[in-house]
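Each chain is listed here by its residues.
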Amino acid sequence: MTEKLAAWEKLSRNDKLLINMLHLIQEEQGYISRNRLAELAEKAEVPVSQLQGLVSFFNSFRTYPAGKHRISVCYGTACYAKGAPLINDRLVDELKLKDNIDTSSDGLVTLEHVYCVGACSRAPLIVVDGEISGKIKSHQVPLILESLRRKE
Amino acid sequence: MISRSELKGPSVHKYQVCKSGLESKKNPIGLATYKVPDFPVNVSLESLIAEGKITLCSNQSRINVGVATCGRAAGAMDIYNNLEKRDWCGAVRVFKVGCIGACYAEPLVHIRTPEGKHYFYGNVDMSIFWHIIKTAEEKPGTKTLPFLWAITQESKTGILRGIQDMELIKVQNSGFRDFFQPQVRRISGRCGLIDPENIAEFAAMGGFGALEKALFRLKRKQIIDIIRTSGLRGRGGAGFPTGDKMNIAYENADLVRYVIANADEGDPGAYMDRVLLESDPFSVLEGMMITALAIGASQGYIYVRHEYPMAVHALKKAINCAHKVGFLGNNVLGSSFSFDITLVESGGAFICGEETAMLQIMGGKRGEPQLRPPYPVRQGFQNHPTVINNIETLANIPWIILNGAEAYRELGTPKSPGTKIFCLAGDIKRMGFIEVPLGTSTKVLIEKIGAGDKESIKALQIGGPSGGIVPYKDFSLDYETVESAGAIIGSGGLVTLNKKRCMVDIARHMVNFMASESCGKCSICRGGLLELEARLLTLTSGKGYPSILTEIEALSKAISSISLCGFGKTAATPVTTTLTYFRDEYEAHVNGKCPAVFCKPLINFEIVLPCRECHACHSVCPSGAVKRRTDKNERLVVDSKLCIKCWACYEACPFDRIRIVSEELHGKDDRNHS
Ligand SMILES: Cc1cc2nc3c(=O)[nH]c(=O)nc-3n(C[C@H](O)[C@H](O)[C@H](O)COP(=O)(O)O)c2cc1C
Ligand code: FES
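Residues numbered from 1 in each chain as written. Chains lettered and ligands numbered in written order. Predicted model: local features only at pLDDT ≥ 70, side-chain atom pairs only at ≥ 80, totals over all residues. Heavy atoms only, no water.

K.L.:
Explain the overall build of chain B to me, using residue names and the numbers behind them.
P.N.:
For chain B, the helix and strand inventory stands at 26 helices and 19 strands. Its C-alpha atoms give chain B a radius of gyration of 27 Å, near enough to 26 Å, the size a compact globule of 674 residues would have. In terms of its C-alpha atoms, chain B occupies a principal-axis envelope of roughly 90 × 65 × 40 Å. By the burial criterion, 61% of the 674 residues in chain B qualify as buried. Sequence-distant contacts, at least 24 apart, represent 72% of the contacts inside chain B between residues at least 6 apart. As displayed, chain B offers around 25200 Å² of accessible surface, 51% of which is attributable to carbon and sulfur atoms. Taking the average place of the 80 positive charges on the side chains of chain B and the average place of its 70 negative ones, the gap between the two points comes to 2 Å. (Helix = DSSP H or I, 4+ residues; strand = E, 2+ residues; numbered from the N terminus. Rg over C-alpha atoms; globule rule 2.2 N^0.38 Å. Buried < 20%, exposed > 50% of the residue type's maximum accessible area, 1.4 Å probe, protein only. Contact = heavy atoms within 4.5 Å. Areas by Shrake-Rupley, 256 points an atom, 1.4 Å probe, with all protein chains shown as cover. Lys, Arg positive; Asp, Glu negative; His and termini not counted. Charge placed at Lys NZ, Arg CZ, Asp CG, Glu CD.)

And the structure:
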């Protein structure tokens, strides 16, 4: 049993919110594993199926591991209108992603979409490992990926 | 009325929670007359205010760097780090602040000098560092001035309650003035001027004054009556009268009540809640506390979007800090009112902004909206009366309590009183977060504040994905007028779209978003939206057929009439509004042409003469489609067979010599009649 799960018992009745626990679990490994989910279900005395329902409901919970780096392309209205699909298509191309697979085969990058991070004035923008960069052009994509590779 | 227990001049120094508290002790500039009393009681508002003034209006220069999400996206953290690590010999302090609203000018640096002058620098980069340093050291030379955007002066030096207390004394960048002049900053006046983590600076700028008044000078019923007469309407979309909602909870027989702040700002293009939370989080807490006091709640929740990590961070800090100085928890400010706030972090689902869906999530279930009635205000969280309010609504409450309902109604229209925050985005020059009286015209917002070019603007997308896309024209932005134009104010996002944006593709994108966000409870909603998206995709990929528009119309109608909740009922609005106002674009797509030259299958790229042969296009083309023609004249051309239509050449050409064309496929019979 991890520390994070142990926190559940200490919470007051008002603070016992399953969704907050799911965020804590996801923070640990970047995704929510079946084991963790089962442990939480036991602690919180709810059926695992209920937790699974909650996890699958949200875009930000993952049930399988992500790549080393995460790139989110903003697909909010402003970013979309200003060229987010061009950035996305270029990323898909460069990372050689096929249908429904969001992580490059070398495990380097996971590509996701986010619907508006609230900095529409810098559209179109991407979030690379939590860092936002605005006014991106599709031809900058290879450079961004190169700099991630160099970090290895 | 709650009796006030004795409060003797206690001090924030006892608690040392706020940054300023710690720092001013280390470096007690201006502290000469400020003694640290030695009894450990909760801090009083007066001492917080005094503490805040020390840093806010100090006799040192103060540099504010806007590092909210929009600032960071423009690289403000580099600016901050560079300024912060400089050795100022104790003469200058550098602060991280939120967003003043002029997001187009990020990174924005603003300097306050001891005599109460404020110097604004926009679009800051390393090249004007020197000028910022000189200004902060109070040696602005003539060389500094060309880079300066504006200078303002506090109307009384040392008194600063918001941006409205400053007089413009010099303007170098007229756009900056035009951006602020039509605005009235009632509830967003502190944004970008204070350190959002510092409760003392909030108090020094008039914060918590309303809470104190509500706690000690008003009866609970009076609070509700003030809000009711003010006519404040919910800013979350529906525009329900906030005072009435409070009253329903107040009169309920069930004495366990809750307040929930809805910070699940799901509408792409609207970010006012984010700015308020990142730049002035305590004002939202204050609004929540007053609401809780009025309705008799002792527990509140803030349901915040996971996509706003900075807002989550600011809220966590603010709640902790308010706890430590006794503004949250038991016996707030020594009164008999006790209140706690718990954060709930959402996980990225648009529908959870809907109040009943949100309650489902908080109960640990999937976020499927429930039939109303019962409304949450009668039977909400754990079946107790629950007042759910939007963040902006809550931020209005302290202003109304302090200034009164009459003053509130001075601005706005009779049916939509007060000010409203709008977020300008899209194809205009000056994007950002603005506060104007309700009923201000779109012309003022888009052309004056936003500097949009009237000729090139085609449409406005108002009120998020379920709002509408309407042609750009001059109309008043109040709840009734916008509704009669076929859209909704919603949360107040205004995305301007110019002639280069394809309405069919934007509608398809929004339907795609709505389909992926549908909870799936009503099959017409999820299934119908997927069908609708497929039809629109047929159009944008050039495979349209004559009857497709009638099919699209029928589907949109079915989705909005059969779906149960507000989401499904409005999900097809982007399609119905564009189909009404931009039908010619749909018809062109049926004929295989995209008038806005956007849809990939319907366009081709060409290099037009005279081409300067700079090879920029050639070097960025990822597919080798830009080639040198080998026959008669050796000019560069785009090979349409190899072109993947990534626009890289278009974006790279410094001379605008790339043209995109779309031609009708008249006479071609290879179109797919799916
Ligand atoms: C699909 C849907 C999404 C919504 N999203 C939000 C939202 O993101 N933020 C919000 O404050 N209200 C949202 N609402 C409105 C809420 O249900 C609720 O009416 C509102 O929070 C009440 O607060 P107010 O009276 O202050 O406006 C949404 C409603 C619907 C139907
Ligand atoms: S649409 Fe991308 S940040 Fe808002």
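K.L.:
Break down the pattern of salt bridges for me, with residues and values.
P.N.:
On inspection of all chains with the given rule, the structure shows 36 salt bridges over all chains. B:Arg86 serves as the salt-bridge partner of B:Glu137, at 3.0 Å between the closest nitrogen and oxygen. Within this pair, whereas B:Glu137 is found in the loop between helix H5 (129–136) and strand E5 (150–154), its partner B:Arg86 is found in the loop between helix H4 (76–84) and strand E2 (92–97), the two being separated by 51 residues in sequence. Of the residues examined, B:Arg86 reaches a relative accessible area of 31% and is grouped as partly exposed. As a salt-bridge pair, B:Glu553 and B:Arg583 come within 3.0 Å of each other at their nearest N and O atoms. With B:Glu553 in helix H21 (residues 548–562) and B:Arg583 in helix H24 (residues 583–590), this residue pair connects regions lying 30 residues apart in the sequence. Look at the salt bridges and you will find they share partners, linking A:Arg62, A:Arg70, A:Asp102 and A:Glu112 into a network. (Salt bridge = Lys/Arg side-chain N within 4 Å of Asp/Glu carboxyl O.)

K.L.:
Tell me what's going on with the sheet that holds strand E8 (residues 299–304) of chain B, and back it up with residues and numbers.
P.N.:
Residues and elements named next belong to chain B. Taken together, the four strands give an open sheet; going across it, the order is E9-E8-E7-E10, and neighbouring strands pair in parallel fashion. Edge positions in the open sheet fall to strand E9 (340–345) and strand E10 (386–390), since each of these has one partner strand only. Averaged over all pairs of adjacent strands, the angle between strand axes in this sheet comes to 20°, irrespective of strand direction. Relative to E10, strand E7 (residues 258–263) is paired through five bridges, and the arrangement is parallel. Residue pairing for E10: Ile260 is matched across the bridge by Ile388. In the packing of helix H13 (residues 309–324) onto the sheet, the strands contacted are E8 and E9, and the crossing angle to E9 comes to about 165°. (Pairing = 2+ DSSP bridges. Axes fitted to C-alpha atoms, helices over the stretch in contact; angles between N-to-C directions.)

K.L.:
Would you mind going over the environment of B:Leu56 in detail, with residue names and values included?
P.N.:
Residue and element names in this part refer to chain B. Position of Leu56 among the secondary structure elements: in helix H2 (residues 45–56). Using a relative accessible area of 3% as the deciding quantity, one classes Leu56 as buried. Between the C-alpha atoms of Leu56 and Leu193, which are 137 residues apart in sequence, the distance is 8.5 Å. Filtering out sequence-adjacent residues up to four positions away, Leu56 remains in contact with Arg62, Arg112, Leu193, Ile194, Glu201, Ala204 and Met205.

K.L.:
Provide a residue-level description of the domain arrangement of chain B, including the pertinent values.
P.N.:
All names here are of chain B. According to the domain assignment, chain B contains domain 1 (4–24 + 206–407), domain 2 (45–180), domain 3 (419–498), domain 4 (503–590) and domain 5 (603–670). A separation of 29 Å is found between the C-alpha centroids of domain 2 and domain 3. Contacts between the two partners involve seven residues from domain 2 and, on the opposite side, eight residues from domain 3. For the domain 2 face of the interface with domain 3, the top three residues by lost area are Tyr104, Asp178 and Phe179, together amounting to 70%. Lys448 is the salt-bridge partner of Asp178, the closest N and O atoms lying 3.9 Å from each other. Across the contact surface, domain 2 and domain 3 share four residue pairs in polar contact (both at pLDDT 80 or more). A class-by-class count of the residues in the side of domain 2 that touches domain 3 yields four nonpolar, two polar and one charged. (Domains from an automatic or database assignment. Buried area = accessible area lost by both parts, 1.4 Å probe. Polar contact = N/O pair within 3.5 Å; in protein donor to acceptor, adjacent residues only side chain to side chain. Nonpolar A, V, L, I, M, F, W, Y, C, P; charged D, E, K, R; others polar.)

K.L.:
Can you tell me about the state of the cysteines, naming the residues and giving the values?
P.N.:
Within this structure, the stated rule accounts for zero disulfides over all chains. No disulfide involves B:Cys423; its nearest neighbouring cysteine sulfur is the one of A:Cys120, lying 7.1 Å away. Owing to a relative accessible area of 0%, B:Cys423 belongs among the buried residues under this scheme. The structure places no disulfide on B:Cys617, whose sulfur is separated from the nearest cysteine sulfur, that of B:Cys611, by 6.1 Å. (Disulfide = S-S within 2.5 Å.)

K.L.:
So what's going on with the site of ligand 1? Which residues, and what values?
P.N.:
All names here are of chain B. Around ligand 1 lies a shell of 17 residues, among which Gly236, Lys245, Asn262, Asn390 and Thr393 are the nearest. In this structure, Asp264 approaches ligand 1 through a main-chain N or O atom, which is 3.1 Å from an oxygen atom. Between ligand 1 and Gly353 there is a distance of 3.3 Å, counted from a nitrogen atom to a backbone nitrogen or oxygen. For ligand 1, the accessible surface in isolation is 610 Å², of which the surrounding protein chains cover 87%. (Near = heavy atom within 4 Å.)

K.L.:
Outline the nonpolar core, supporting the account with residue identities and numerical values.
P.N.:
Ranked by size, the top nonpolar core spans 251 residues in total, and within it A:Phe58, B:Leu285, B:Ile302, B:Phe327, B:Ile401, B:Leu529 and B:Leu532 carry the most contacts. At ten residues, helix H12 (residues 281–295) of chain B tops the list of elements feeding residues into this core. B:Ile302 has contacts with B:Ala261, B:Ala263, B:Leu285, B:Met288, B:Leu315, B:Ile319, B:Ile341, B:Thr342, B:Leu343 and B:Val344, leaving out every residue within four places of it along the chain. (Core = buried A, V, L, I, M, F, W, Y, C linked by side-chain atoms within 4.5 Å.)

K.L.:
Can you tell me about empty space enclosed by the protein, naming the residues and giving the values?
P.N.:
With the rule as written, the count across this model stands at eight cavities of 30 Å³ or more. Computed from the structure, the largest cavity encloses a volume of approximately 90 Å³. Lining of the largest cavity is provided by A:Asn59, A:Tyr115, B:Asp264, B:Gly266, B:Arg305, B:Glu307, B:Gly348, B:Ala349, B:Phe350, B:Phe513 and B:Glu517. Along the lines of polarity and charge, the residues of the lining of the largest cavity split into four nonpolar, three polar and four charged. (1 Å grid on protein atoms, 1.4 Å probe; cavity = no way out; pocket = protein on both sides within 12 Å on 5 of 7 lines; lining within 4 Å. Points joined across faces, edges and corners; volume = space filled by probe spheres on them.)

K.L.:
With reference to specific residues and values, describe H2(B).
P.N.:
If you check H2(B), its first and last C-alpha atoms are 16 Å apart, about what twelve residues at 1.5 Å a residue would give, namely 16 Å. Residues of H2(B) that are buried: B:Leu45, B:Ser47, B:Leu48, B:Glu51, B:Gly52, B:Ile54, B:Thr55 and B:Leu56. (Expected span 1.5 Å × (residues − 1).)

K.L.:
Can you break down the domain arrangement of chain A residue by residue, with the values?
P.N.:
As far as domains go, chain A holds domain 1 (3–57) and domain 2 (69–151). Relative to domain 2 of chain A, the C-alpha centre of domain 1 of chain A lies at a distance of 30 Å.

K.L.:
Pulling in residues and values, what's your account of the side chain of B:Thr356?
P.N.:
All names here are of chain B. For Thr356, the position within the fold is in helix H14 (residues 355–362). Separated by 3.0 Å, the side chain of Thr356 and the backbone nitrogen of Gln370 make a polar contact. Residues in contact with Thr356, not counting those within four places in the same chain, are Pro369, Gln370, Arg372 and Pro376.

K.L.:
Describe the pairing of strand E2 (residues 109–114) of chain A, and please don't skip the residues or the numbers.
P.N.:
Residues and elements named next belong to chain A. Buried residues dominate E2, accounting for five of its six residues. Here strand E1 (residues 69–74) runs beside E2; their pairing, made up of six bridges, is parallel. Note that in E2 the partner of Cys74 across the bridge is Val114.

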